[in-house]
Amino acid sequence: MGISMSAERLPNEASTVIIGAGCVGCSVAYHLAERDREGIVVVDQGPLFETGGSTSHAPGLVFQTTENELMSRLAQYTVDLYTDLDEFAQCGGVEVAYTEERMDYLKRKREYGRSWGIEGGELLSAEEVADEIPQIDESVIHGGYYVPSDGKAHAVDASAAMARAAEDRGGAEFYGGTRVTDIETDGGEVGAVVTDRGRIECEELLVATNIWGPLFGEMVDVDVPLVPCAHQYLVSEPIEELSGASAELEQPILRHQDFSLYFRQHYDSYGIGSYDHESLLVDSEEILAPEESDEMPSIREFTEEHFYEPTHPNIDKSAYEAACELVPAFEGGGFERAFNGMFSFTPDGLPILGETEEIDGLWWALAVWVTQSGGVGSVVAEMMDGGTPRLGGEKIDISSAHIERFQPHSGSKPFAWSRGGKQYQEVYQLIHPDAQPQNQRGLRRSPFYEHQKKLGAEFHESGGWEVPQWYDSNEPLLEGYSVPERSGWQAREWSPIQAAEHNAVRERVGIYDLSRYTGIEITGEGAVEYVQRLFANDLDCEIGQVRYSPMLDSSGGVLADMAVTRLGENRFMATTGGGASATQHSRWIREHAPDGVRIDSRISDQCGIGVWGPNARDVLQPLTNEDLSNDSFGYFRAKEFYVDSIPVLGLRVSYVGELGWELYAPTEYGGKLWELLWEAGQDHGMVPLGNGAFLGSLRLEKGYRLWGTDITPEYNPCEAGIGFAVDLDTEFIGKEALIEAKEAGVARKIVPMTLDSTGEIVDSGMPIFDGEDVVGHVDAADYGYSIDAGIAYGYLPTAYTEPGVSLEIGYEGERYPVTVTEEPLFDPDREKILR
């Protein structure tokens, strides 16, 4: 049947239906067909393939380098795919710096590019930028970052090319002029798609409709945290500097991010894309249908005030003024075309990918730009076909973009619009990764929140939780410590108080809020057999035993690492992080649980406190009749007991490498529990401990892993350095793949490195060099205040992992010598933690 507009009759059934024939929907269809999938039907309300969605008006600029490895790898794949389809103009891309601060950023950006495998990126002087793009005024910039493989994707033509290829393989059919009016589900499974031209029964459904995504969420009662935003694009009248230009000699695409602008050539005219205006949010329900639109549904009338007047809250120049300053040829000229084109933003600016938990076979691929469209198609097709996310055959971590990362509040319109609108404003801004949103705050507060406020907590947000990063009440401690200074980018969103808290916990005792961490209770007949299959360690152990164990996917990749406690014959508690880790890990555990095994995620009905440090036992023992001595309550043991009158589950575990306990109690007891511990701690030098030192310097000195940072599903336990927590005498998910990987030999593994010069630090994402060869990148970094050295962790080829190997890390154009070391860096004999 092939590619059809509207004359052909729709099939009554299909294996897979894809809603949306833009570049994302076509990419998924293409990659599914490559896997010899059959029975794929793609429908779109608009004409094929200029359907009227974001693909149809997108300028198609592909800048591959970002701070985010996932997004950068997806972009690189897109370039390769569209080049193979002959639908990519590899004209290069230049980003310019208007300020010295932006130039420092471009230095870091070049290093990200080297870390992620982007070849040929180089820093240019202002004069060299002008050599590439002669119409700019080089006097207003400091320089630029140039990537020769960047360029322009011909998104509509690429969509058509992918559709033709999918059709030629006999796996896909495409239908335009077909509006979906409903999605039918039955018993928690996709059943059919209802359109204005008929009903199609199907086994699975992918929604790839971008700006219309929330409407399809409403059909199936699934939250889709996404908001369409209108974005300005103009094409100038011909300018003299581009006279005689041709497609074969196109200039590099250009970004002027200090004023939220980008530019591309249209033969002898120049295009301007502008984010330099207030967020223009659009309700999906208000987007016109194709037949109702003057041009296409995703294009709205151009609003001159947003181009000629400064309406962006953080930029003092209008888009027109800033564009003319960089490209004087715009002055006094006119524009042949101008419109407000819609695309979409999520609360965190990342795509929405994956299958809905509540409805089997319902998949999503939304909030995807042309830049990542080809790569997203590959990843989503792999997930639909086999389950494990892969890009071009290589495993890739999409946790940060999975639909399950969203929290219960994320789907509300106030949250999605407020945060999505902010993402639009900040898309080109210099925003530190630890910078905190100011809107939609205070949504989730632990029972200790008011106590923390009184202690001067500097709150950061994590999954909606208000989490102290450090406490101003600890500032006087700085008088007793020498803390290496930080400057520039590294000093942002950081306080030397974090170092004081680190040292105070090492020397005395700290109290830490664990409330956002999630206990997943696994109970019922068959619980033992289930946890044995779920986790890679042997959990058929004594009651009261805590065991550290990875949870693997079918490819042997680390989905999570958890402390799992056996609380009864058929009762276990697996403790994971908060926010996205809690929702994603809980889902995996629920989906794999057999009948008769109950899974309860203790997110809101349980709070937790960590008490760690040499004085932890002295603080806690007077408050309980339970014997907390090492002989009675050993390391990695758990007991249920009382702290004063409060029932707690106590785990003798430590993420900071010091003596101590995690104490979990019903939420309503939390306030009193904090008060008891805080009062008892005053005679022992107790300090409140913030998240900065907890997840940074303290855990890195001990070599403890952090999910999503230095362990992800891309790595198996042997590569991640946690093979000691795998028992191959048990049967678990991923065992066969892990054995195969071990037999093939470990080609890379994570190691700690210390900077050779005292007082220096680097950032995560930075490239690790052996001479001029990039051999890895930094996954986690901080300063080790107990060892007085900067710490960097990264995955390296095994030839570089022996202690004593000398390497270098690049940061802002400088090279920092480092030495591979043994772990743990602090207290290797565990004398402190076992006392």
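Values in this document were obtained by computation on a predicted structure and should not be read as measured data.

(A) The arrangement of the overall build of the chain in detail. Of the regular secondary structure elements, the chain holds 19 helices and 43 strands. In terms of overall size, the chain behaves like a compact globule, its C-alpha atoms giving a radius of gyration of 28 Å where 835 residues would be expected to give roughly 28 Å. The principal-axis extents of the C-alpha atoms in the chain amount to approximately 85 × 65 × 50 Å. Counting every position in the chain, which comprises 835 residues, the buried fraction comes to 63%. In the chain, the share of contacts with a sequence separation of at least 24, taken over all contacts with a separation of at least 6, comes to 72%. Counting only carbon and sulfur atoms, one obtains 42% of the accessible surface of the chain, whose full area is about 31000 Å².

(B) Broad picture of the sheet that holds strand E33 (residues 606-612). The mixed open sheet is built from 6 strands, whose spatial order is E34-E35-E36-E33-E27-E37. Every other strand in the sheet has two partners, leaving strand E34 (638-643) and strand E37 (686-688) as the edge strands with one partner each. Strand-to-strand, the axes of this sheet are offset by a mean angle of 25°, without reference to chain direction. Examined bridge by bridge, strand E27 (residues 509-513) and E33 share 4 bridges and lie antiparallel to one another. Opposite Gly510, over in E33, you have Trp612 as the bridge partner.

(C) How the structure looks around the nonpolar core. Core analysis: the largest hydrophobic core is formed by 53 residues, its most contacted members being Phe49, Tyr82, Phe174, Leu206, Leu353, Val376 and Val380. At the level of secondary structure, the elements contributing two or more residues to this core comprise helix H1 (23-34), strand E3 (40-43), helix H3 (69-84), helix H6 (155-168), strand E10 (172-175), strand E22 (362-366) and helix H10 (370-386). In terms of nonpolar packing, the next biggest core, distinct from the first, is built from 44 residues, Tyr512, Trp612, Ile791 and Leu825 among them.

(D) Layout of the pairing of strand E28 (residues 518-523). Most of E28 is tucked away, with 6 of its 6 residues classed as buried. Both faces of E28 are covered, namely the face carrying Thr518, Ile520 and Ile522 and the face carrying Gly519, Glu521 and Thr523. Across 6 bridges, E28 lies against strand E31 (residues 571-576) in antiparallel orientation. Bridge pairing links Thr518 to Thr576 in E31. Where E28 lies against strand E32 (residues 598-602), 5 bridges are found, and the strand directions are antiparallel. Looking at the pairing, Ile520 lines up with Ser601 of E32.

(E) Spotlight on the sheet that holds strand E5 (residues 88-89). If you trace the 3 strands from one edge of the open sheet to the other, you get E4-E9-E5, paired in antiparallel fashion. Edge positions in the sheet fall to strand E4 (61-62) and E5, since each has one partner strand and no second. In this structure, E4 lies alongside strand E9 (residues 151-153), joined through 2 bridges in antiparallel fashion. In the sheet register, Leu61 faces E9, and the bridge partner there is Lys152.

(F) The arrangement of the packing of H3 against H10 in detail. Where H3 meets H10, the axes come as close as 6 Å, and the angle between the chain directions of the two elements is 90°. Viewed along their axes, H3 and H10 adopt a mutual orientation that is roughly perpendicular. Contacts from Met71, Leu74, Ala75, Tyr77, Thr78, Leu81 and Tyr82 of H3 reach H10 at Val370, Thr371, Gln372, Ser373, Gly374, Gly375, Val376, Ser378 and Val379. Considered class by class, the residues forming the contact of H3 with H10 number 9 nonpolar, 7 polar and no charged.

(G) Quick look at helix H9 (residues 319-326). Of all the residues in H9, the buried ones are Ala319, Ala322, Ala323, Cys324 and Leu326. Buried positions along H9 lie against strand E6 (93-97), strand E15 (253-256), strand E16 (261-266), strand E17 (269-274) and helix H8 (305-308).

(H) Representation of the pattern of salt bridges in the model. Using the criterion set out here, one finds 44 salt bridges in the structure. In this structure, Glu640 and Arg571 form a salt bridge, with 3.4 Å as the shortest nitrogen-oxygen distance. On the criterion of sequence distance, the pair formed by Glu640 in strand E34 and Arg571 in strand E31 is long-range, its members being 69 residues apart. For Arg699, the salt bridge is made with Asp710, and the minimal N-O distance between the two is 2.7 Å.

(I) Structural context of the side chain of Glu701. Relative to the elements of secondary structure, Glu701 occurs in helix H18 (residues 691-702). Within the structure, the side chain of Glu701 is placed 3.3 Å from the side chain of His502, a separation counted as a polar contact. Excluding its chain neighbours within four sequence positions, the residues that come into contact with Glu701 are His502, Arg506, Gly784, Tyr785, Ser786, Ile787, Ile791, Pro824, Leu825 and Phe826.

(J) Summary view of unusual backbone geometry. The step from Leu48 to Phe49 runs through a cis peptide bond, and the omega angle for that step is 0°. Within the secondary structure layout, Phe49 lies in the loop between E3 and helix H2 (54-57). Residue Pro824 is reached from Glu823 by a cis peptide bond, and omega for that bond is 0°. By secondary structure assignment, the location of Pro824 is in the segment after strand E43 (814-820). Its identity is not glycine, yet Asp644 carries a phi of approximately 55°, on the positive side. Tracing the sequence through the fold places Asp644 in the loop between E34 and strand E35 (646-651).

(K) Expanded view of a negative patch on the surface. Residues Glu122, Glu127, Glu128, Asp131, Glu132 and Glu138 make up a contiguous surface patch of negative charge. Of the residues forming the negative patch, the biggest block, 4 residues, is contributed by helix H5 (residues 126-132). For Glu132, the location among the structural elements is in helix H5. Taking the relative accessible area as the measure of exposure, Glu132 reaches 31% and is therefore partly exposed.

(L) Main features of the packing of aromatic side chains. One pass over the full model with this rule turns up 37 aromatic pairs. Geometrically, the ring pair formed by Tyr308 and Tyr320 is tilted, given 5.0 Å between the ring centres and 50° between the ring planes. Residue Tyr308 is located in helix H8, and its partner Tyr320 is located in helix H9; the two are separated by 12 residues in the primary sequence. In this structure Tyr320 comes out as partly exposed when scored by relative accessible area, which is 21%. Aromatic pair Tyr548 and Phe724: ring centres 5.9 Å apart, planes at 20°, arrangement stacked. Placement of Tyr548 in strand E29 (residues 546-552) and of Phe724 in the loop between H18 and helix H19 (735-744) is noted, with a sequence separation of 176 residues between them.

(M) Helix H14 (residues 527-534), seen in detail. Counted residue by residue, H14 has 6 buried out of 8 residues, so it is predominantly covered. Buried within H14 we find Ala527, Val528, Tyr530, Val531, Gln532 and Leu534.

Parameters at a glance
- Residues numbered from 1 in each chain as written.
- Predicted model: local features only at pLDDT ≥ 70, side-chain atom pairs only at ≥ 80, totals over all residues.
- Heavy atoms only, no water.
- Helix = DSSP H or I, 4+ residues; strand = E, 2+ residues; numbered from the N terminus.
- Rg over C-alpha atoms; globule rule 2.2 N^0.38 Å.
- Buried < 20%, exposed > 50% of the residue type's maximum accessible area, 1.4 Å probe, protein only.
- Contact = heavy atoms within 4.5 Å.
- Areas by Shrake-Rupley, 256 points an atom, 1.4 Å probe, with all protein chains shown as cover.
- Pairing = 2+ DSSP bridges.
- Axes fitted to C-alpha atoms, helices over the stretch in contact; angles between N-to-C directions.
- Core = buried A, V, L, I, M, F, W, Y, C linked by side-chain atoms within 4.5 Å.
- Parallel < 35°, antiparallel > 145°, perpendicular 65-115°, else oblique.
- Nonpolar A, V, L, I, M, F, W, Y, C, P; charged D, E, K, R; others polar.
- Salt bridge = Lys/Arg side-chain N within 4 Å of Asp/Glu carboxyl O.
- Polar contact = N/O pair within 3.5 Å; in protein donor to acceptor, adjacent residues only side chain to side chain.
- Patch = residues over 30% accessible without salt bridge, like charges linked within 9 Å, V, L, I, M, F, W, Y side chains within 5 Å.
- Lys, Arg positive; Asp, Glu negative; His and termini not counted.
- Charge placed at Lys NZ, Arg CZ, Asp CG, Glu CD.
- Phe/Tyr/Trp six-rings, centres within 6.5 Å; stacked < 30°, edge-to-face > 60°.

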